[in-house]
Amino acid sequence: MELIGAQLVNAVAYGLLLFIITCGLTLVFGILGVLNLAHGSFYMFSAYIAYSITETYTQSFWLALFVAPMVVGLIALVVEITLLRPTYHLGQLSQVLLTFGLAYIFNDIAPVIWGSDVLSIKVPSVLSGSVTIFEQKFPVYRFAVIGIGIAIAILLWMVQNKTKWGAIIRAGLSDKEMVSALGINIKLVFTSVFIIGGVLAAFGGVVAAPILGIYPSMEFQTLILALVVLVIGGLGSVAGTLVASLLVGIVETFSRFLAPEISMFLIFGLMAVILVLKPNGLLGKKVV
Amino acid sequence: MRKILMLISLVFVLAILSSCGNSAIESSLNSESESDESGDGDGQETIKVGAILPFSGVYASLGKDLLNGMKLYFDSIGWEVSGKKIELIEEDTEADPQVALRRIRKLMDQDNIDILTGPVSTAVAYAVRNDVDSNKLPFLVSHAGGNDLTRGKRSDYIWRSSFSSWQIGNSMGEWAYENVGDKMYIAAADYAFGREVSTAFKEAYIAAGGEIVGNVYPPLGNNDYASYLTTIGGEEADGVYSFFAGSDAVRFVQQFEQYGLDKDFTLVGSGWLVSENLRKSVGSAAEGILASTFWDYSLETEENQNFIKAYEKAYGTRPTIESLEGYDAASIMVEAIKELDGDVSDSDKVVEAISNVSFTSPRGPIKFDKETHQIIQNMYITKTLAVEDKTENKVIYKVEEVKDPGK
């Protein structure tokens with residue numbers, strides 16, 4: 001019984017970590033209709049930048065948590081204005097190819113700057129202890145991840161549903177032309193959302209680094225998981241992403257516990273089953 | 001909707017391909033490397049050594065260290081032996097068997113190499129085995145440790161100077177029973193090498209009288225060990241024998257400590273768990289780990305100290321196990337060429353000369369087993385200790401002349 005409780009804590013922490021990483025991808029897809037495959041690269045860059053900050057300039061994890069997303073936000077801004085904007089009228093395939101190409105370029109740039117060794121970020125001392133529940137020690141950092149995940153979920157929900165900004169975004173989602181006709185600069189909305197997506201990816205990169213580590217090609221591994229979560233949750237639905245993250249976290253953790261040989265298969269199996277039963281994902285709306 | 005699904009499945013295929021060793025988009029950087037047209041035919045002034053190593057992908061840092069080790073030795077003799085110049089031709093395998101096959105055919109057909117060395121991935125070694133064998137190309141394996149290469153897939157032309165999985169796992173078995181306890185749990189990455197090493201450990205440990213209480217094999221490149229660690233935490237055992245390398249090792253060791261398992265279990269493993277280039281990232285969690293290896297930075301022999309000094313002077317960083325492997329492979333090739341007085345035209349004589357090489361390397365005395373073509377070497381048990389705010393390995397036990405059984 002204790003073991004199951006302990007695994008449940010693991011599952012929730014892992015699931016919310018997935019949510020922190022994936023929510024930016026969902027947001028961008030939901031509003032821009034762009035499947036940003038460079039999302040993983042933003043995630044990776046942020047982790048590396050955070051490493052540089054904590055290693056060379058200051059020991060502060062908190063500063064890294066703030067600065068790394070800002071830097072990545074800047075990269076996202078440049079990418080959106082110079083590369084992505086001209087492709088909006090070209091359709092999804094060209095955007096997929098563009099961002100996938102970018103992912104490869106970033107993948108080659110990172111080892112040039114940071115080398116190919118495995119790196120890691122130290123957790124600040126406040127969060128480095130451990131707590132005992134279910135007769136099992138847990139790192140405090142896992143609980144911090146749970147807290148951060150819930151906070152981001154609430155924040156995103158609040159912004160989307162309770163602010164004018166959220167109203168514009170939701171309106172833009174259903175009818176872009178009408179929104180521009182109302183005098184709202186839809187280009188600006190797109191740029192902002194893409195930057196927010198980048199910042200969220202970057203935030204995920206810093207938060208995940210102490211757990212998942214930093215190493216070459218880390219972003220593709222994460223990208224695959226993020227896409228699984230995205231598909232299961234429903235394309236473009238933040239609430240769906242939250243549910244899907246938790247579901248993937250629970251399925252993966254318990255399958256590793258009960259049937260370690262088939263755990264990888266189960267995740268993709270889950271995705272296949274959901275696609276057959278609910279082609280739009282758990283909470284996805286109909287996509288064209 | 002269907003269009004989007006198609007798109008996403010396309011993306012999945014691309015992303016999965018790219019995460020499996022970057023084979024989807026092949027870099028052709030090295031395929032253009034200069035082929036020396038003037039020096040064709042045998043018995044000329046230069047001896048060509050082909051090195052197939054991964055310089056991109058997940059094993060990139062291992063490939064780089066192996067190459068640095070080789071260059072260090074060739075530098076020390078001025079790239080010249082018995083009046084012949086040594087030319088090193090590097091090819092990037094990307095740790096992908098398909099790519100490696102193309103590279104090795106280029107090395108054989110265009111460059112006419114005399115000796116081949118490398119690779120890191122055992123899958124690559126197996127893939128090129130038949131080409132090497134049928135072309136009678138002397139092949140000195142400098143890393144890939146899959147048991148079968150000097151067992152079922154043995155070839156007259158393939159000799160291995162690094163290690164076999166069996167040597168790594170077996171050397172820890174008996175010692176762990178006597179010094180750690182009589183109950184162990186096994187956690188190893190789920191791929192051929194991880195399985196082979198842990199099987200060798202298991203056999204030796206059980207033969208010594210120990211009991212394996214359970215095992216778990218997380219996939220290679222697993223991102224979070226929490227679930228496995230909780231499972232292990234519920235077991236009754238004296239220690240955990242683990243085989244992980246690279247980013248897996250960093251995550252496993254760190255999380256092992258974070259989940260408090262270091263209080264109840266002794267962590268036992270191989271040298272890659274606490275290798276020189278990982279311990280800084282692992283931090284204090286590495287303290288107390290016992291590992292079996294065939295070379296360690298802390299070996300106090302004169303040969304090792306000289307090697308370390310030269311390496312640090314040349315590259316400004318500590319050598320790793322792979323640097324040593326490269327250095328030794330280069331030494332062995334040079335020794336063999338010396339014995340032939342520089343005439344490498346007959347590949348049967350080259351492998352004969354390689355088989356006779358024996359000297360004291362930085363890792364200790366080494367020689368080849370003429371039956372299996374596998375190196376016979378000392379194995380060391382190291383313990384990782386905290387030194388000031390860092391950790392250092394220390395050799396605490398030596399298993400002399402470990403010889404792979406060859407079957």
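Residues numbered from 1 in each chain as written. Chains lettered and ligands numbered in written order. Predicted model: local features only at pLDDT ≥ 70, side-chain atom pairs only at ≥ 80, totals over all residues.

Per an unreviewed UniProt entry, chain B carries the name ABC transporter substrate-binding protein and comes from Terrihalobacillus insolitus. In UniProt, chain B has this text filed under Sequence similarities (unreviewed entry): "Belongs to the leucine-binding protein family." (UniProt positions renumbered as here; feature names shortened; annotations may be inferred.)

Under an unreviewed UniProt entry, the name given to chain A is Branched-chain amino acid ABC transporter permease, and the source organism is Terrihalobacillus insolitus. According to its UniProt record, chain A has this under Subcellular location (unreviewed entry): "Cell membrane". A UniProt comment under Sequence similarities (unreviewed entry) is attached to chain A, and it reads "Belongs to the binding-protein-dependent transport system permease family. LivHM subfamily."

### Focus: the overall build of chain B
A count of helices and strands for chain B gives 13 helices and 15 strands. For chain B, buried positions account for 53% of its 407 residues. Contacts in chain B between residues at least 24 apart in sequence constitute 71% of all its contacts with a sequence separation of at least 6. (Helix = DSSP H or I, 4+ residues; strand = E, 2+ residues; numbered from the N terminus. Buried ≥ 20, exposed ≤ 12 C-beta atoms within 10 Å, placed from the backbone. Contact = placed C-beta atoms within 7 Å.)

### A word on the overall build of chain A
What chain A contains, in helices and strands, is 11 helices and 2 strands. Scanning chain A from its N terminus toward the C terminus, one meets helices and strands in the order α-α-α-α-β-β-α-α-α-α-α-α-α. Relative to the globule expectation of 19 Å for 288 residues, the C-alpha radius of gyration of chain A, 19 Å, shows essentially globular dimensions. With the principal axes as the frame, chain A shows a C-alpha extent of 60 × 50 × 35 Å. Per-residue burial for chain A yields a buried fraction of 52% across its 288 residues. (Rg over C-alpha atoms; globule rule 2.2 N^0.38 Å.)

### Description of the packing of helix 1 (residues 2-32) of chain A against helix 10 (residues 238-258) of chain A
Residues and elements named next belong to chain A. For the pair helix 1 and helix 10, the least separation of the axes is 7 Å and the interaxial angle reads 140 degrees. With respect to helix 10, the element helix 1 is oriented oblique. For the crossing formed where helix 1 meets helix 10, the hand is right-handed. Looking at the contact of helix 1 with helix 10, its residues break down into 15 nonpolar, 9 polar and 1 charged. (Axes fitted to C-alpha atoms, helices over the stretch in contact; angles between N-to-C directions. Parallel < 35°, antiparallel > 145°, perpendicular 65-115°, else oblique. Left-handed = near helix turned anticlockwise from the far one by under 90°. Nonpolar A, V, L, I, M, F, W, Y, C, P; charged D, E, K, R; others polar.)

### So, the pairing of strand 11 (residues 290-293) of chain B
Residues and elements named next belong to chain B. Residues of strand 11 alternate between two faces, with Leu290 and Ser292 on one and Ala291 and Thr293 on the opposite face, all of them buried. As paired elements, strand 10 (residues 266-270) and strand 11 share 3 bridges and run parallel to each other. Each residue of the ladder has a partner; that of serine 270, found in strand 11, is serine 292. Two strands pair when backbone bridges link them, and strand 11 and strand 14 (residues 375-387) are joined in this way by 4 bridges, in the antiparallel orientation. Pairing of leucine 290 across the sheet is with lysine 383, part of strand 14. (Pairing = 2+ DSSP bridges.)

### What about the interface of chain A and chain B?
Interface size is commonly expressed as the accessible surface area that is lost when the partners come together. Between chain A and chain B, the residue contacts involve 43 residues of the former and 41 residues of the latter. Put simply, the parts of the chain that give the side of chain A that touches chain B at least two residues each are helix 1, helix 4 (92-114), strand 2 (136-139), helix 8 (186-212), helix 9 (218-233) and helix 10 of chain A. The residue makeup of the side of chain A that touches chain B, split by class, is 28 nonpolar, 11 polar and 4 charged.

### Details of the environment of glycine 57 of chain B
Residues and elements named next belong to chain B. Relative to the helices and strands, glycine 57 is located in the loop between strand 1 (46-53) and helix 2 (60-76). Of the residues examined, glycine 57 has 25 C-beta atoms within 10 Å and is grouped as buried. Taking the C-alpha atoms as reference points, glycine 57 and aspartate 92, 35 residues apart in sequence, are found 9.9 Å from one another.

### A closer look at the pairing of strand 13 (residues 364-368) of chain B
Residues and elements named next belong to chain B. Where strand 12 (residues 358-361) meets strand 13, 4 bridges bridge the pair, whose relative direction is antiparallel. Residue pairing in the sheet places serine 358 in a bridge with lysine 367 of strand 13. Counting the residues that bridge the hairpin from strand 12 to strand 13 gives 2 residues. Between strand 13 and strand 14, which follow one another and run antiparallel, lie 6 residues, and histidine 373 among them has a positive phi close to 70 degrees.

### Re the confidence of the model for chain B
In this model, chain B carries an average pLDDT of 88, and 89% of its residues clear a pLDDT of 70 or more. Across the predicted assembly, pTM comes out at 0.86 and ipTM at 0.85. (pLDDT = per-residue confidence, 0-100.)

### Quick look at the UniProt feature "transmembrane region" (unreviewed entry) in chain A
Residue and element names in this part refer to chain A. Within the UniProt annotation, "transmembrane region" (unreviewed entry) is assigned to residues 12-35, 61-84, 96-114, 140-159, 188-212, 224-250 and 257-277. With 88% helix and 0% strand, residues 12-35 has end C-alpha atoms that lie 26 Å from one another. Helix makes up 100% of residues 140-159 and strand 0%, whereas the separation of the span's terminal C-alpha atoms amounts to 29 Å.

### Description of helix 9 of chain A
Between its first and last C-alpha atoms helix 9 of chain A spans 23 Å; for 16 residues at 1.5 Å apiece the expected length is 22 Å, and the two agree. The element helix 9 of chain A is largely enclosed, with a buried count of 13 among its 16 residues. (Expected span 1.5 Å × (residues − 1).)

### Remarks on the environment of leucine 261 of chain B
Residue and element names in this part refer to chain B. Mapped onto the secondary structure, leucine 261 falls in helix 9 (residues 261-264). Leucine 261 sits in the partly exposed class, given 19 other C-beta atoms within 10 Å. Leucine 261 sits 32 residues away from leucine 229 along the chain, and the two C-alpha atoms are 7.7 Å apart. Sequence-distant contacts of leucine 261, defined by excluding residues within four places in its chain, comprise Leu229, Ile232, Gly233 and Phe256.

### Quick look at the sheet that holds strand 1 of chain B
Consider a sheet: its strands pair through backbone hydrogen bonds, and that pairing is either parallel or antiparallel. Residue and element names in this part refer to chain B. Taken together, the 6 strands give an open sheet; going across it, the order is 2-3-1-4-5-6, and neighbouring strands pair in mixed fashion. Two strands bound the open sheet, and with one partner strand each, they are strand 2 (80-81) and strand 6 (158-160). Pairing geometry for strand 1 and strand 4 (residues 115-118), over 3 bridges, is parallel. Within strand 4, the residue paired with valine 49 across the bridge is isoleucine 115. Packing of helix 3 (residues 97-109) onto the sheet brings it into contact with strand 1, strand 3 (84-92) and strand 4, and relative to strand 1 it is tilted by some 175 degrees.

### So, the domain arrangement of chain B
Residue and element names in this part refer to chain B. As assigned here, chain B comprises domain 1 (36-163 + 304-373) and domain 2 (166-293 + 379-402). Here the C-alpha centre of domain 2 lies 29 Å away from the C-alpha centre of domain 1. With 10 residues of domain 1 at the interface, the matching set in domain 2 holds 12 residues. For the side of domain 1 that touches domain 2, the per-class residue count stands at 3 nonpolar, 6 polar and 1 charged. (Domains from an automatic or database assignment.)

### Examining unusual backbone geometry
All names here are of chain B. Positive phi values are uncommon outside glycine, yet tryptophan 79 reaches one of about 55 degrees. With respect to the helices and strands, tryptophan 79 occurs in the loop between helix 2 and strand 2. Residue class for tryptophan 79 comes out partly exposed when judged on the 16 C-beta atoms lying within 10 Å of it.

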